[in-house]
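Notes for the structure review
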Amino acid sequence: MSILIQNATVIAMDDEHGSEPFAADIRVRGDRIEAIGPNLPPGDGEVIDARRRLAIPGLVNSHFHSNQNFLRGRYPSRPLELMMLYAYPFDPTIAVSPELVRLRTLAVAIEALKSGVTCVLDDCAELPSQDMEQLGAMFGAYEQSGIRANCSGHVIDKPFAETLPYAERFLPDDLAELWTAATPPAASAFMEFAEEAVSRFHGRGRLRFVIAPSGPQRCTEELLGAAAEFAVRHGTAYHTHVLETKVQLVTGRELYGKSLVQHLHDCGALNDRLTMAHAIWITEEDIELMVASGCSVAHNPVCNLRIGSGIAPLRRLLNAGVNVALGTDEIDCNDSGRLFDVMKVAGLIHNIADYDYDQWPTAAEVLRAATIGGARSVCLQDEIGSLQPGKKADIVLLDLDASPFVPLNDPCVHLVYAENGSSVRDVLVDGEVVVRDGRLTKIDEAEVLAEIAARAPEYLAGRDRWEAVARTFEPHMKALYMHCMEQDMGLDRLAATAAAGVHAT
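Let me sum up the structure you'll find in this document. (Residues numbered from 1 in each chain as written. Predicted model: local features only at pLDDT ≥ 70, side-chain atom pairs only at ≥ 80, totals over all residues. Heavy atoms only, no water.)

Quick word on a negative patch on the surface
Which entries qualify depends on this criterion: Patches in this entry comprise residues that are over 30% relatively accessible and not in a salt bridge; like charges within 9 Å are linked, as are nonpolar side chains (Val, Leu, Ile, Met, Phe, Trp, Tyr) within 5 Å. Residue exposure ignores everything except the shown protein chains as possible cover, and the areas themselves are Shrake-Rupley values with a 1.4 Å probe. Definition used for salt bridges: Asp or Glu carboxyl oxygen within 4 Å of a side-chain nitrogen of Lys or Arg. Asp and Glu are treated as the negative residues and Lys and Arg as the positive ones, with His and the ends of the chain left uncounted. Every charge is mapped onto a representative atom, which is NZ of Lys, CZ of Arg, CG of Asp or CD of Glu. In DSSP terms, a helix is any run of H or I states spanning at least four residues, a strand is any run of E spanning at least two, and both are numbered starting from the N terminus.
Where like charges cluster on the molecular surface, the negative patch consists of Glu168, Asp173, Asp174 and Glu177. The greatest single-element share of the negative patch, amounting to 3 residues, is contributed by helix α5 (residues 173-181). Mapped onto the elements, Asp174 comes out in helix α5.

Quick look at the structure:
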């Protein structure tokens, strides 16, 4: 099967053109791009008239948690430590059936594809642990949708009370007991699970398994090291959360006497297959270790603002040569799965980090993070992330007659600051048209959303019961959080520093 996308304006994000637009046809044969250039012969396949279309590589959402996808618009803004208390029930009675997993995953794919995301990293966190049936339901839904998906594998193998500083001082025994009752899997048991998951799902068409220890403070050294070895041996991505909050900065120094980045390094877990989600409260020494390892960072500025985590040192990461990708993070602390929203915030928030405007991120840098940077973070840079012959045909066509592009000036700037996904008309993944004229071709969107609406009340009633318990513990968690925030750690990533006229380090 072949498709000719004819007379498009192309932003290829390849080495030759970067973010500079040019006019060209794109011929797709099978699942790959066969040729890009002017006046390509149409052949005997489908022809898509793209005279008023902008063709870009499919966007990559490099950090997302589908397990929270029914919690859009549920919570006020709270810091991560308080948000987790409410949003992650350590209650085995609130089980999520494979059918609910399927529905919430389809909802992810619907929003992603319709807004130009062709590849997701779904770091799905089922507590206390994920079973194979749940994981299979997630893979099955992504397979049905037509999207490219990298699915975890998220694991915590330490009792949660042991992952926080000052837990014995601030947290009541009954909360610690509740967390301990949700027994996490042993490292060896999880690695057996991961081996089976790879054999069942990894490399099945567009789908890949990802190994995802939750964070260095939440996992044993045994698990962190074994996961790194596993990723190399099986050719999977390795995904984890690192230094998202100041509390985690304090955690590293209190529990290990060093940065969590240094701890990862010492466990043998820093390598070029690793992506660190967030990486906000990192030091210059951390960045040096990150550069030497070749790891990536998934930057999540919308979520970081929603829960007050801080502003990542984006310019320092880019200048040092760290690969940066973009992610939406979870729906309960972003409320959107649209990567265009993240692109705009990434292009804005760092402008207040330095008065030297030459250091502000450019639209091209932001678009790169959303495309080829994202591809690198999921270890697929040789397959996706740019439009060039030989790569997978993951292509998004946007309407240049839509209001975000009229009148047309610099298409790259329009994409980052004006577009919100509403101009997406056609989407190809693996050479297959999965969105045509704004409508999904493989999913009945109305049917899926109606089924979710019908089944959500029962699920949310269970959340209501857990959140009533969480409210009784909130004052204790707040006390721990405030104690950490009030400490002088010699590093600040909060906007309050700038407001006070103090230079941030």
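Alright, that's what it looks like, and here's the rest.
Details of unusual backbone geometry
With an omega of 5°, the peptide bond running from Ser152 to Gly153 counts as cis. Here Val406 and Pro407 are connected by a cis peptide whose omega angle stands at -5°. Counting through the fold element by element, Pro407 comes out in the loop between β14 (395-399) and α16 (411-418). Located in the positive-phi region is Asn7, a residue other than glycine, with phi close to 65°. Here Asn7 lies in strand β1 (residues 2-10).

A closer look at the side chain of Asn271
Where we set the bar: Any two residues whose heavy atoms approach within 4.5 Å at even a single point are treated as in contact.
Its location among the elements puts Asn271 in the loop between α9 (260-266) and β11 (274-278). Aside from chain neighbours lying at most four places away, what touches Asn271 is Ala228, Val232, Ser293, Gly294 and Cys295.

Some points on the packing of helix α13 (residues 339-349) against α16
The criterion, for reference: To obtain each axis, a line is fitted to C-alpha atoms, and for helices this fit is confined to the stretch in contact; angles are then taken between N-to-C directions over 0 to 180 degrees. Small angles under 35 degrees read as roughly parallel and large ones over 145 as roughly antiparallel, with 65 to 115 read as roughly perpendicular and the rest as oblique. When residue character is reported, Ala, Val, Leu, Ile, Met, Phe, Trp, Tyr, Cys and Pro are called nonpolar, Asp, Glu, Lys and Arg charged, and the others, Gly included, polar.
Their axes nearest at 7 Å, the elements α13 and α16 cross at an angle of 100°. Comparing the axis directions of α13 and α16 gives the class roughly perpendicular. In this structure, α13 uses Phe340, Met343, Lys344, Gly347 and Leu348 to contact α16, whose residues at the interface are Leu415, Val416 and Tyr417. Within the contact of α13 with α16, the residues separate by chemical class into 6 nonpolar, 1 polar and 1 charged.

Structural notes on the environment of Lys246
As a reminder, the rule being used: Any N or O atom pair separated by 3.5 Å or less is treated as a polar contact, with the protein-specific requirement of one donor-capable and one acceptor-capable atom, and with residues adjacent in sequence counted only for side-chain atom pairs.
Mapped onto the elements, Lys246 comes out in helix α8 (residues 246-255). Distance from Lys246 to Glu458, taken between C-alpha atoms, is 36 Å for residues 212 residues apart in sequence. Apart from the residues within four sequence positions on either side, Lys246 is in contact with Trp281, Cys484, Met485, Gln487 and Met489. There is a polar contact of 2.9 Å between the side chain of Lys246 and the backbone oxygen of Met485.

Things to note about the nonpolar core
In plain terms, the rule: Residues enter a nonpolar core if they are buried and are Ala, Val, Leu, Ile, Met, Phe, Trp, Tyr or Cys, with the set joined through side-chain atoms within 4.5 Å. Each residue gets one of three labels from its accessible area relative to the maximum for its type: buried under 20%, exposed over 50%, partly exposed in between, using a 1.4 Å probe on protein chains only.
In this structure, Tyr142, Trp179, Ile211 and Met290 are the most contacted members of the largest nonpolar core, which totals 144 residues. For this core, the element with the highest residue contribution is helix α17 (residues 445-485), accounting for 11 residues. If we skip the residues at most four places from it in the chain, Trp179 touches Leu85, Phe90, Phe160, Ala161, Leu164, Leu171 and Met477.

Topic: the packing of aromatic side chains
Going by this rule: Pairs were defined over the aromatic rings of Phe, Tyr and Trp, the Trp ring being its six-membered one, requiring ring centres within 6.5 Å. Orientation was assigned from the angle between planes: stacked under 30 degrees, edge-to-face over 60, tilted for the rest. Either the NZ atom of lysine or the CZ atom of arginine qualifies as a charge over a ring when it sits within 6 Å of the ring centre and within 35 degrees of the ring normal.
Taken as a whole, this structure holds 7 aromatic pairs when the rule is applied. A ring pair is formed by Tyr75 and Tyr86, whose centres lie 6.5 Å apart and whose planes are at 55°; its orientation type is tilted. Of this pair, Tyr75 sits in the loop between β6 (59-64) and α1 (80-87) while Tyr86 sits in helix α1, and the two are 11 residues apart along the sequence. An angle of 65° between the planes, with centres 6.2 Å apart, marks the rings of Tyr357 and Trp360 as edge-to-face. Taking NZ or CZ as reference, Arg78 lies 4.0 Å from the ring centre of Tyr86, over its face.

Notes on empty space enclosed by the protein
As a reminder, the rule being used: The distinction between a cavity and a pocket rests on a 1 Å grid over the protein atoms alone: a 1.4 Å probe fits inside a cavity but cannot get out, while a pocket stays open yet meets protein on both sides within 12 Å along at least five of seven lines, and a residue with an atom within 4 Å of a point counts as lining. Grid points are joined across faces, edges and corners, and a volume is the space filled by probe spheres set on the points.
This model, assessed by the stated rule, comprises 6 cavities of 30 Å³ or more. Quantified by volume, the largest cavity comes out at close to 180 Å³. In terms of lining residues, the largest cavity is bounded by 19 residues, among which Met84, Tyr88, Arg218, His241 and Glu330 are the most central. By residue number, the principal contributor to the lining of the largest cavity is α1, which donates 3 residues. Residue composition of the lining of the largest cavity, by class: 11 nonpolar, 4 polar and 4 charged. Computed from the structure, the second largest cavity encloses a volume of approximately 130 Å³. In this structure, the second largest cavity is lined by 14 residues; those nearest its centre are Glu81, Met84, Phe160, Leu164 and Arg218. Secondary structure elements with two or more residues in the lining of the second largest cavity: α1 and α8. Taken together, the residues of the lining of the second largest cavity sort by class into 8 nonpolar, 4 polar and 2 charged.

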